[in-house]
Structure formats: C-alpha cells, structure tokens
Amino acid sequence: MNLKVIPLTVADDGSFQTSFVIYIRDAKHEGLYSMFFHNCLNYPGSLGGSGKKQSVSFSIEIAEKNSDSYLSAGEMPLPALYQMLAILFFLSGCFWVFILKKTGSQQVFRIHWIMASLVFLKSLSLFFHGVNYNKIATQGIHVESWAVLYYITHL
C-alpha cells in the first residue's frame, strides 16, 4: 500500500485547506475506499498538542464521477435505453392508430382507442424518465421538474 502525504496550506485565519483527487483505475478497488480524520492537536507531544481536548469543524465536498458521467456504471446506459424505448413505444402507438384507422370505425371499440392513448402515455413517461437520467448523468443533480413530469405520466 502506497501512502501519500496530502499537502495542507494554512490560510490567513489559521485554518487548514487541502484538495486532492483520487483516481481508481483497477476494477477490484472500486467502492473500496475510506477517508479518516485524526486530530493530532488533542494529544500531548504531537505537533505542539497541549493534551486538552480541542474541537474541530470542517466541511468536505465529494464529487463521485465516472470518466464522463455522474451515474454509476450500472446506470450509465439507462438514459439511452429509456429514450430508445420511448421511441419504440411511440412508433408502436402510431402503428396501432394506423391499424385502427384502417379497419374502420364500425369494428373498433372505444377500449382500443383508450389502449392506444395508454401506449402514447407510456412513451411520454419513458421520455421524461430518460431526460431525467440524462440530466443526472451530465449535471450530477436530480432535476425535480423532469421527475415530477415522469411521476405524473407514470401514475
């Protein structure tokens, strides 16, 4: 195991700042990482520590990102899959309406038109879900407006 020293800079107000990037290149190490914080100033004899307990506060920002997407490896194909399924549902709905129009109005029941509208609604639902996953993949955040549209059409 190679231990690296993380460079710390001291700001004008006496606070410490650091920044570092970790690249996980080997598949067997994916998901196996930890970060530990140890306050050495609470112990006498280490880095000028007084032995009295001192409180510490810090903020941390972590961005977990694959090479080109914020989605996990298993979720990366989902935006394209949902968009492809939305197109397939839309085309099958168009084909269904074409068949209904071709057979004539005396042989078509209302349930057939309702089911055709259900196929178009499912297409719209998959489209919204695909756009939502695409926004998560590119921006790393969950855009609520697309999720609300998906849930409305899904329900």
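As a reminder, the structure under discussion sits directly above these lines.
Next up on the list: the overall build of the chain. If you tally the helices and strands in the chain, you get three helices and two strands. Along the chain, from the amino end to the carboxyl end, the secondary structure elements read β-β-α-α-α. Relative to its 155 residues, the chain shows a buried fraction of 19%. Put simply, 40% of the contacts in the chain that link residues at least 6 apart link residues at least 24 apart. Surface exposure of the chain reaches about 12900 Å², of which carbon and sulfur atoms provide 62%.

With respect to the secondary-structure elements, Ser125 resides in helix H2 (residues 110-139). For Ser125, a relative accessible area of 1% translates into the label buried. Excluding residues that lie within four positions of it along the chain, Ser125 makes contacts with Tyr150, Thr153 and His154.

In this section: the packing of helix H1 (residues 78-103) against H2. Look at H1 against H2: their axes get within 8 Å of each other, and the N-to-C directions meet at 165°. It follows from the interaxial angle that H1 and H2 lie roughly antiparallel. Crossing handedness for the pair H1 and H2: left-handed.

This part takes up the packing of aromatic side chains. Using the criterion set out here, one finds five aromatic pairs in the structure. Here Phe128 and Trp146 contribute two aromatic rings whose centre-to-centre distance is 5.8 Å and whose plane-to-plane angle is 45°, an arrangement assigned as tilted. Of this pair, Phe128 sits in helix H2 while Trp146 sits in helix H3 (residues 144-154), and the two are 18 residues apart along the sequence. By relative accessible area, Phe128 is classed as buried at 11%. Taking the centre distance of 5.1 Å and the plane angle of 55° together, the rings of Tyr150 and Tyr151 count as tilted. Residue Tyr151 is classed as partly exposed on the basis of its relative accessible area, which comes to 49%. Every member of this aromatic cluster is reached through a ring pair, and the members are Phe127, Phe128 and Trp146.

Position of Ser69 relative to the elements: it lies in the loop between strand S2 (16-17) and H1. Polar contacts involving the side chain of Ser69 include one to the main-chain amide nitrogen of Leu71, which spans 3.1 Å. Every residue in contact with Ser69, bar those within four places of it in the chain, is listed here: Met76 and Ala137.

On to H1, then. The end-to-end C-alpha distance of H1 is 37 Å, a good match for the 38 Å that 26 residues give at a rise of 1.5 Å each. Among the residues making up H1, those that are buried are Leu78, Pro79, Tyr82, Ala86, Gly93 and Leu100. Among the structural elements, H2 are those in contact with the buried residues of H1.

Thresholds, definitions, all that
Residues numbered from 1 in each chain as written. Predicted model: local features only at pLDDT ≥ 70, side-chain atom pairs only at ≥ 80, totals over all residues. Heavy atoms only, no water. Helix = DSSP H or I, 4+ residues; strand = E, 2+ residues; numbered from the N terminus. Buried < 20%, exposed > 50% of the residue type's maximum accessible area, 1.4 Å probe, protein only. Contact = heavy atoms within 4.5 Å. Areas by Shrake-Rupley, 256 points an atom, 1.4 Å probe, with all protein chains shown as cover. Axes fitted to C-alpha atoms, helices over the stretch in contact; angles between N-to-C directions. Parallel < 35°, antiparallel > 145°, perpendicular 65-115°, else oblique. Left-handed = near helix turned anticlockwise from the far one by under 90°. Phe/Tyr/Trp six-rings, centres within 6.5 Å; stacked < 30°, edge-to-face > 60°. Polar contact = N/O pair within 3.5 Å; in protein donor to acceptor, adjacent residues only side chain to side chain. Expected span 1.5 Å × (residues − 1).

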